[in-house]
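One-letter residues, chain by chain:
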Amino acid sequence: KKNLIIDHEGPFQGQKLDCLFSEQEIQARVKELADQISHDLENAKKPPILVGVLNGSLFFMADLMRAMSIETEMDFIKISSYHHTSSTGTVRLVKDISAQITDRDVLIVEDIVDTGLSINFLRNRMLSNAPHSLRVVTFLYKKEVSQLKKEPEYIGFVIPNRFVVGYGLDLDQKYRTLRDIYAFAPDNKQE
Ligand code: 5GP
Ligand code: MG
Ligand code: MG
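Here we summarise the structure given alongside this text. (Residues numbered from 1 in each chain as written. Chains lettered and ligands numbered in written order. Predicted model: local features only at pLDDT ≥ 70, side-chain atom pairs only at ≥ 80, totals over all residues.)

### Comments concerning the nonpolar core
So, step 1. Grouped together as the largest cluster of nonpolar side chains are 44 residues, with contacts concentrated most on Val51, Leu64, Leu107, Ile108, Val109 and Val164.
So, step 2. Top contributing element to this core by residue count: strand β6 (residues 105–113), with six residues.
So, step 3. What Val51 contacts, discounting residues up to four positions off in sequence, is Asp75, Phe76, Ile77, Ile97, Val106, Leu107, Ile108 and Val109. (Core = buried A, V, L, I, M, F, W, Y, C linked by C-beta atoms within 7 Å. Buried ≥ 20, exposed ≤ 12 C-beta atoms within 10 Å, placed from the backbone. Helix = DSSP H or I, 4+ residues; strand = E, 2+ residues; numbered from the N terminus. Contact = placed C-beta atoms within 7 Å.)

### Focus on the site of ligand 1
So, step 1. With respect to spatial proximity, 18 residues lie near ligand 1, and among them Asp114, Thr115, Leu117, Ser118 and Leu169 are the closest.
So, step 2. Ranked by residues supplied to the shell around ligand 1, first place goes to β6 with four residues.
So, step 3. Along the lines of polarity and charge, the residues of the shell around ligand 1 split into eight nonpolar, five polar and five charged. (Near = placed C-beta within 6 Å. Nonpolar A, V, L, I, M, F, W, Y, C, P; charged D, E, K, R; others polar.)

### What to know about the packing of helix α1 (residues 23–40) against helix α2 (residues 58–67)
So, step 1. At their nearest, the axes of α1 and α2 sit 8 Å apart, and the two run at 55° to each other. Looking at the two axes, α1 sits oblique to α2. Between α1 and α2 lies a crossing whose hand is right-handed. For the pair α1 and α2, the contacting residues are Gln27, Val30, Lys31, Leu33 and Ala34 in the first and Asp63, Leu64 and Ala67 in the second.
So, step 2. A class-by-class count of the residues in the contact of α1 with α2 yields five nonpolar, one polar and two charged. (Axes fitted to C-alpha atoms, helices over the stretch in contact; angles between N-to-C directions. Parallel < 35°, antiparallel > 145°, perpendicular 65-115°, else oblique. Left-handed = near helix turned anticlockwise from the far one by under 90°.)

### A few points about the pairing of strand β2 (residues 16–21)
So, step 1. Taken together, the three bridges between strand β1 (residues 3–5) and β2 define a ladder with antiparallel strand orientation. Paired with Asn3 across the two strands is Asp18, which belongs to β2.
So, step 2. In this sheet, strand β10 (residues 181–183) lies alongside β2 in antiparallel orientation, the contact comprising three bridges. Paired with Cys19 across the strands is Tyr182, a residue of β10. (Pairing = 2+ DSSP bridges.)

### Some thoughts on α2
So, step 1. For α2, every residue scored as buried is listed here: Phe59, Phe60, Met61 and Leu64.
So, step 2. Residues of α2 that are buried sit in contact with α1, β3 (49–54), β6 and β7 (133–141).

### A look at unusual backbone geometry
Residues other than glycine predominantly adopt negative phi, and peptide bonds predominantly adopt the trans conformation.
So, step 1. For the bond running from Leu54 to Asn55, omega is 0°, close enough to zero to count as cis.
So, step 2. Mapped onto the secondary structure, Asn55 falls in the loop between β3 and α2.
So, step 3. Phi angles above zero are rare outside glycine, and Ala130 is one such case at about 50°.
So, step 4. For Ala130, a count of 11 C-beta atoms within 10 Å gives the class exposed.
So, step 5. Phi is positive for Tyr167, close to 50°, though the residue is something other than glycine.
So, step 6. The residue Tyr167 is located in the loop between β9 (164–165) and β10 in this model.

### Concerning α1
So, step 1. Helix length check: α1 (18 residues) gives 26 Å between terminal C-alpha atoms against 26 Å at 1.5 Å per residue, within 8%.
So, step 2. Every buried residue of α1 is accounted for by Ile26, Val30, Leu33, Ala34 and Ile37. Looking straight down α1, one finds its buried side chains confined to an arc of 105°; they lie on one side. The outward face of α1, more than 90 degrees from its buried face, is lined by the exposed residues Gln24, Ala28 and His39.
So, step 3. Those residues of α1 that are buried lie in contact with β2, α2, β6, β7, β8 (154–158) and β10. (Expected span 1.5 Å × (residues − 1). Arc of directions from axis to C-beta.)

If you want it as C-alpha cells, here you go:
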C-alpha cells in the first residue's frame, strides 16, 4: 500500500503515514454498508433522512447515498467539540439541520467516532425531535477509545487509536481530498 509524507510546514513535516484503507477497499465497504442500510430501511413510509455531520462526512455521505438502492433525503449538521481528556469535553452546535425529522427515519452519517462525545450529543439532539427511528452509521470507529454505551448501528471499519486523515478527514483542514485513509504512527498526532 501507498505511504504519505506530510509536506506542509509544521510540527508534522516529514512524517510518514501508513495507508490503512485504499480507495478500492473503502468503496467496497461503502457498497456493503449501503446494501445493508437500504435493506433495513426499505419499508420506510417516507424516504429516510441522512444527516451528515460536517465537515468530515462529506465524501462518505455522497458515496453512501449514491450506493443506496432506496430513495433518501439529505441534511447536514455541524458541531465542534473540545476534548480536555478523552472522557470529558463539550460539544457546541455550529449549524443545525433544517429538515423536520419528527416521525421520519433518520440516519446520522459520521466520518469517525473517537470518544463518542459527538455522537452522544447528536443522538440526544435528534431524539428530542421524536423521529420514527434513529440510526448511526460511522465510517471509522476507534472502538478501544470510545466511551459509548450504545454503539453505532453501522460501522465501516474499526481502527486502532491512531490519528487518521483522508476521505474527508483533515489535519488542520488539509488532506481531506485524499481518496485513501492514512494513519499517523501511534503516539504521534492525537486529537
Ligand atoms: P468524538 O466526539 O467521537 O471524540 O470525536 C469525533 C470527531 O473528532 C470526529 O467527527 C472528527 O471530526 C474528530 N476526530 C476524531 N478522531 C479523529 C482522527 O483520527 N482524525 C481526524 N482527522 N479527526 C478525528
Ligand atoms: Mg465527524
Ligand atoms: Mg477535524
